[in-house]
Amino acid sequence: MKAGLVYTGTREIENGWVHVRHGEIIEVGSGPPPHAGEVVDEPNCVAMPGLVNAHDHMYQWATRGYVADGTLFEWLRALYPVWARIDADTVRVAARAAMARLLLSGCTLSTDHHYVFPHGRPGIFEALVDAARELGLRFHPCRGSMSLGESKGGLPPDSVVEDEDAILAHTEAMIDRYHDSKGRSMCRVVVAPCSPFSVTPQLMRDSAALARRHHVRLHTHLAETLDEERFCLEKFGRRPVELMEDLGWVGEDVWYAHGIHLSDAEVDRIAEVKTGIAHCPSSNMRLGAGACRVEDLVRAGARVGLGVDGAASNEDANLAMEAHQALLLARVRSSSPRSLDARTAWRLATRGGAECLGRDDCGTLEPGKCADIACFRVDDLAHAGIKDLVAGLALAPPARAQTVVVDGRVVVRGGRLLTADEDEVARDIAATSRRLAG
Ligand SMILES: [Zn+2]
């Protein structure tokens, strides 16, 4: 792979190249490249590490545009009954759309937090894994869960919550079937109860024990809104982070989505225990949830990644756009243009997300790392002539990537997806969204 500028994550190499063999980066350099069987030459592009999506709910691609002006709890209460109608086919179609859009935005590694498993609808988790294999995305699916229905004081209706023993048994079955802990793994399973207001403390404890028995990671939503904080204080007498401490949900094998409403002490504590935060700026702004203290977390040394969150609270899945949004939102929050610079924003979108997901083999372009590469055009009207290209791509985010390589395989070329027909994916999601709306 040759590019006008190779941005490795730490170095910027003009007319650089990345030499790849069997899905792994062998060497990065400049000048005449070593001989290679296949050469991808992008002189008008910046090549950078493939972007990492640290939080998502792909099934939500089928419910975009609902409750356009609601708070998180209003939006959830309106959507739960719609989500109760999903099945494996809905999830397959929605995941193909979400993954297509992610790949086209330069994302090469993504998680998906799936927590809606309506009774009597088998094959949902399998549909997610199959879609990632088909489209060629490196994938960390979360077996999410909800067990605290309205009748027990939770937020979701009883019709969408599951029995806790069934959740744990199915989670273990999915780990046994799909989790691959080896280097360059294309699939790792995560254990992920949904949120403090939709599962019981006992399920959180049991999930942590299950995950640690199998050496897999833990993920959940935390400190997203002040409504959640009030819920935790009223029901448990604890702030959200205190509740996680009580339940054993801290440590380097845990990452939270959002982490917005944190005290100074909680910012320091999260950095100290190496728990990750997946910052989702577009979703947070869409729901008016608040602004994550990204610059404070980064300064404290915390692991911070970026996520698109579900498309029902974003309406898109463009990870390069999230780097742009993170940069601007941090500057609005602090009233300072120096609170988050473009290179830090790209680090969050690459290595920061890889750290959240526990991937020390992803997130930078270096020998020995996975050959996951995103190339963005800088000769198009949006970017032509921009002086600082790396800053320019964050300030004026690309609509789509030109070339994307995952595990050494070209999956996007010339801005077109090679692993699926984009028009067909769009037609399918339109039909599925209409059917689900009823
Ligand atoms: Zn979420």
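Residues numbered from 1 in each chain as written. Predicted model: local features only at pLDDT ≥ 70, side-chain atom pairs only at ≥ 80, totals over all residues. Heavy atoms only, no water.

Student: Sorry if this is basic, but what is going on with the overall build of the protein here?
Tutor: A tally of regular secondary structure across the protein gives 14 helices and 16 strands. The globule rule puts the C-alpha radius of gyration for 438 residues at 22 Å, and the 21 Å found for the protein is close to it. Counting only C-alpha atoms, the protein reaches 65 × 45 × 40 Å along its principal axes. Looking at the protein residue by residue over its 438 residues, the buried ones come to 61%. (Helix = DSSP H or I, 4+ residues; strand = E, 2+ residues; numbered from the N terminus. Rg over C-alpha atoms; globule rule 2.2 N^0.38 Å. Buried < 20%, exposed > 50% of the residue type's maximum accessible area, 1.4 Å probe, protein only.)

Student: Explain the pairing of strand E11 (residues 276–279) here, please?
Tutor: Look at any regular strand and the pattern is simple: side chains alternate between the two faces of the sheet. The alternating pattern of E11 places Gly276 and Ala278 and Ile277 and His279 on opposite faces, both of which are buried. Where strand E10 (residues 254–258) meets E11, three bridges bridge the pair, whose relative direction is parallel. The residue of E11 that forms the bridge with Tyr256 is Ile277. Handedness of the β-α-β unit built from E10, helix H8 (residues 264–272) and E11 comes out right-handed. Taken together, the four bridges between E11 and strand E12 (residues 303–306) define a ladder with parallel strand orientation. Within E12, the residue paired with Ile277 across the bridge is Val304. (Pairing = 2+ DSSP bridges. Right-handed = clockwise from strand over helix to strand, strands pointing away.)

Student: Honestly, the coordination of the zinc ion in this entry has me stumped. Any pointers?
Tutor: In an ideal octahedron of six donors the angles at the metal are 90 or 180 degrees, and in an ideal tetrahedron of four donors they are 109.5 degrees. Around the zinc ion, the donor atoms from the protein are His55 (NE2), His57 (NE2), His221 (NE2) and Asp309 (OD), and they sit 2.1 to 2.5 Å away. Each of the four donor atoms around the zinc ion contributes to a set of angles spanning 87 to 178 degrees, which defines the coordination as irregular. Along the chain, the residues donating to the zinc ion fall in the pattern H-x1-H-x163-H-x87-D. Separated by 254 residues along the polypeptide, His55 in the loop between strand E5 (51–53) and helix H1 (72–83) and Asp309 in the loop between E12 and helix H11 (319–334) bring together distant segments of the chain. A single burial state applies to His55 and to Asp309, both of which are buried. (Donors = N, O, S within 2.8 Å, 3.2 Å for Na, K, Ca; no water. Tetrahedral: all angles 85-135°; square planar, octahedral: opposite > 155°, others 65-115°.)

Student: Got a minute to help me understand the sheet that holds strand E13 (residues 373–377) in this structure?
Tutor: In any sheet, the strands associate via hydrogen bonds between backbone groups, in a parallel or an antiparallel arrangement. The strand order across the open sheet built from eight strands is E3-E2-E1-E4-E13-E14-E15-E16, with neighbouring strands paired in mixed fashion. Of all strands in the sheet, those bounded by a partner on one side alone are strand E3 (24–30) and strand E16 (416–417). Strand direction decides the pairing type here: E13 and strand E14 (residues 403–406), joined by three bridges, are antiparallel. Across the sheet, the residue bridging to Ala374 is Val404, located in E14.

Student: Got a minute to help me understand the pairing of strand E2 (residues 12–21) in this structure?
Tutor: In the sheet, strand E1 (residues 2–7) pairs with E2 via five bridges, with the strands oriented antiparallel. The residue bridging Leu5 from the neighbouring strand is Glu14, located in E2. Where E1 hands over to E2, the hairpin turn is made up of four residues, of which Gly9 adopts a positive phi near 115 degrees. Direction of pairing for E2 relative to E3: antiparallel, over a ladder of six bridges. Note that in E3 the partner of Val18 across the bridge is Val28. Here E2 folds back onto E3, and the loop between the two strands holds two residues, one of which, His22, carries a positive phi near 50 degrees.

Student: Explanation requested: the side chain of Arg303 in the structure shown.
Tutor: Tracing the chain through its elements places Arg303 in strand E12. A distance of 3.4 Å separates a polar atom in the side chain of Arg303 from the backbone oxygen of Glu252. Contact partners of Arg303, with chain neighbours within four places excluded, come to Arg217, Glu252, Lys274, Thr275, Gly276, Ile277, Glu355 and Cys356. (Polar contact = N/O pair within 3.5 Å; in protein donor to acceptor, adjacent residues only side chain to side chain. Contact = heavy atoms within 4.5 Å.)

Student: Looking at this model, I keep getting lost on unusual backbone geometry. Mind explaining?
Tutor: Most peptide bonds are trans, and most residues other than glycine sit at a negative phi. Positive phi, close to 45 degrees, is recorded for Asn15, a residue that is not glycine. The exposure class assigned to Asn15 is exposed, which follows from its relative accessible area of 54%.

Student: Help me out: how do you make sense of the nonpolar core in this one?
Tutor: Residues Leu51, Leu76, Trp83, Met99, Leu297 and Trp346 are the most contacted members of the largest nonpolar core, which totals 127 residues. Element by element, the count of residues in this core is highest for helix H2 (residues 88–104), at eleven residues. Residues in contact with Leu297, not counting those within four places in the same chain, are Leu262, Val267, Ile270, Ile277, Cys292, Ala302 and Val304. Membership of the second largest hydrophobic core comes to 16 residues, among which are Ala3, Val28, Val40 and Val405. (Core = buried A, V, L, I, M, F, W, Y, C linked by side-chain atoms within 4.5 Å.)

Student: Would you mind going over the pattern of salt bridges with me for this structure?
Tutor: Note on pairing: side chains with opposite charge can pair once their charged atoms come close. Applying the stated rule across the entire model yields 35 salt bridges. Linking Arg293 and Asp296 is a salt bridge whose minimum nitrogen-to-oxygen distance equals 2.9 Å. In the salt-bridge network here, residues are joined through shared partners; they are Arg138, Arg184, Asp372 and Asp407. (Salt bridge = Lys/Arg side-chain N within 4 Å of Asp/Glu carboxyl O.)

Student: Where do I start with the side chain of His57 in this structure?
Tutor: You can see His57 is positioned in the loop between E5 and H1. In this structure, His57 is in contact with Asp112, His113, Tyr115, His221, Asp309, Gly310 and Ala311, ignoring residues within four places of it in sequence.

Student: I keep staring at the state of the cysteines and nothing clicks. Help me out?
Tutor: In a disulfide, the sulfur atoms of two cysteines are covalently bonded to one another. Counted by the stated rule, this structure contains zero disulfides. For Cys292, which is in no disulfide, the shortest distance to another cysteine sulfur is to Cys280 and amounts to 9.0 Å. Given a relative accessible area of 3%, Cys292 falls into the buried group. (Disulfide = S-S within 2.5 Å.)

Student: Which parts of the structure should I look at to understand helix H12 (residues 342–356)?
Tutor: Along its 15 residues, H12 runs 20 Å from first to last C-alpha, staying within 8% of the 21 Å computed at 1.5 Å per residue. At Leu348, H12 shows its largest bend, some 40 degrees. Most of H12 sits inside the fold, with eleven of its 15 residues counted as buried. Residues Ala342, Thr344, Ala345, Trp346, Leu348, Ala349, Thr350, Gly352, Gly353, Ala354 and Cys356 constitute the buried set of H12. Of the residues that open H12, the one with a side-chain oxygen 3.0 Å from the backbone nitrogen of Arg343 is Asp341. Among the residues trailing H12, Gly358 stands out with phi positive, at a value near 75 degrees. (Expected span 1.5 Å × (residues − 1). Bend = angle between axes of the 7 residues up to and from the residue.)

Student: What is the right way to read the sheet that holds E5 from this model?
Tutor: Strands sit in the order E5-E6-E7-E8-E9-E10-E11-E12 across an open sheet of eight strands; the sheet is parallel. The open sheet has two edge strands with one neighbour each: E5 and E12. For this sheet, the mean inter-axis angle between neighbouring strands, taken without regard to orientation, is 20 degrees. Where H12 meets the sheet, it contacts E5, strand E9 (217–222), E10, E11 and E12, and its direction lies at approximately 110 degrees from that of E12. (Axes fitted to C-alpha atoms, helices over the stretch in contact; angles between N-to-C directions.)

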